[in-house]
Amino acid sequence: MNMKSVRTQQQIEQSLFFIATKKAYAEISIAEITRKADVSRTSFYRNYENKDSVLAQFWLISIKNLSMTLTSIN
């Protein structure tokens, strides 16, 4: 994965989490996320299927990182 894609994904994640502090998850639109992240809808859909996939990828990476940390402790 190239650095631009990683940066775009980080912007999208951060924007989704920020907006989620202001309103219910179900009320958040892709348009709001992309506006806040300052990325195009095309960029969003190049990286994710929908807003649920943003969360799913975030949790998968978080769990993988936690697992690697725990493995390195042992």
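Given the structure is predicted, the values throughout are model-derived calculations rather than measurements.

Conventions adopted
Residues numbered from 1 in each chain as written. Predicted model: local features only at pLDDT ≥ 70, side-chain atom pairs only at ≥ 80, totals over all residues. Heavy atoms only, no water. Phe/Tyr/Trp six-rings, centres within 6.5 Å; stacked < 30°, edge-to-face > 60°. Buried < 20%, exposed > 50% of the residue type's maximum accessible area, 1.4 Å probe, protein only. Helix = DSSP H or I, 4+ residues; strand = E, 2+ residues; numbered from the N terminus. Contact = heavy atoms within 4.5 Å. Core = buried A, V, L, I, M, F, W, Y, C linked by side-chain atoms within 4.5 Å. Expected span 1.5 Å × (residues − 1). Arc of directions from axis to C-beta. Polar contact = N/O pair within 3.5 Å; in protein donor to acceptor, adjacent residues only side chain to side chain.

Chemist: Quick one: what's the story with the packing of aromatic side chains, residue by residue and with numbers?
Modeler: Under the defined criterion, the tally for this structure stands at four aromatic pairs. Pairing Phe44 with Tyr48 gives two aromatic rings, centres 5.7 Å apart and planes at 45°, and the pair type is tilted. For Phe44, a relative accessible area of 0% corresponds to the buried category. Here the aromatic rings of Phe58 and Trp59 are separated by 5.5 Å at their centres, their planes lie at 75°, and the arrangement is edge-to-face.

Chemist: So what's going on with the environment of Ile28? Which residues, and what values?
Modeler: Structurally, Ile28 is set in the loop between helix H1 (3–20) and helix H2 (30–37). Classification of Ile28 as buried rests on a relative accessible area of 5%. For the pair Ile28 and Lys51, spaced 23 residues apart in the sequence, the C-alpha separation amounts to 8.6 Å. Setting aside chain neighbours within four positions, we find Ile28 in contact with Leu16, Ile19, Ala20, Lys23, Ile33 and Lys51.

Chemist: Any details on the side chain of Thr34? Residues and values, ideally.
Modeler: Structurally, Thr34 can be placed in helix H2. Residue class for Thr34 comes out buried when judged on its relative accessible area of 6%. What Thr34 contacts, discounting residues up to four positions off in sequence, is Val39, Ser40, Arg41 and Phe44.

Chemist: Could you give me a rundown of the nonpolar core, with the residues and numbers involved?
Modeler: Counting eleven residues, the largest nonpolar core is built from Ile12, Leu16, Ile19, Ile28, Ile30, Ile33, Ala37, Val39, Phe44, Tyr48 and Val54. For this core, the secondary-structure elements that each account for two or more residues are H1 and H2. Beyond its immediate sequence surroundings of up to four residues, Ile33 is in contact with Ile12, Ser15, Leu16, Ile19, Ile28, Phe44 and Lys51.

Chemist: Go over H1, please, and point to the residues and values.
Modeler: With 18 residues, H1 extends 26 Å from end C-alpha to end C-alpha; this agrees with the ideal 26 Å at 1.5 Å per step. Listed in full, the buried residues belonging to H1 are Thr8, Gln9, Ile12, Glu13, Ser15, Leu16 and Ile19. Summarising the axial view, the buried residues of H1 lie within an arc of 165°, below the 170-degree limit, and thus occupy one face. Those residues of H1 that are exposed and aimed more than 90 degrees away from the buried face are Met3 and Gln14. Next to the buried residues of H1 lie H2, helix H3 (41–47) and helix H4 (51–73). Where H1 starts, the residue carrying a side-chain oxygen 3.1 Å from the main-chain nitrogen of Lys4 turns out to be Asn2.

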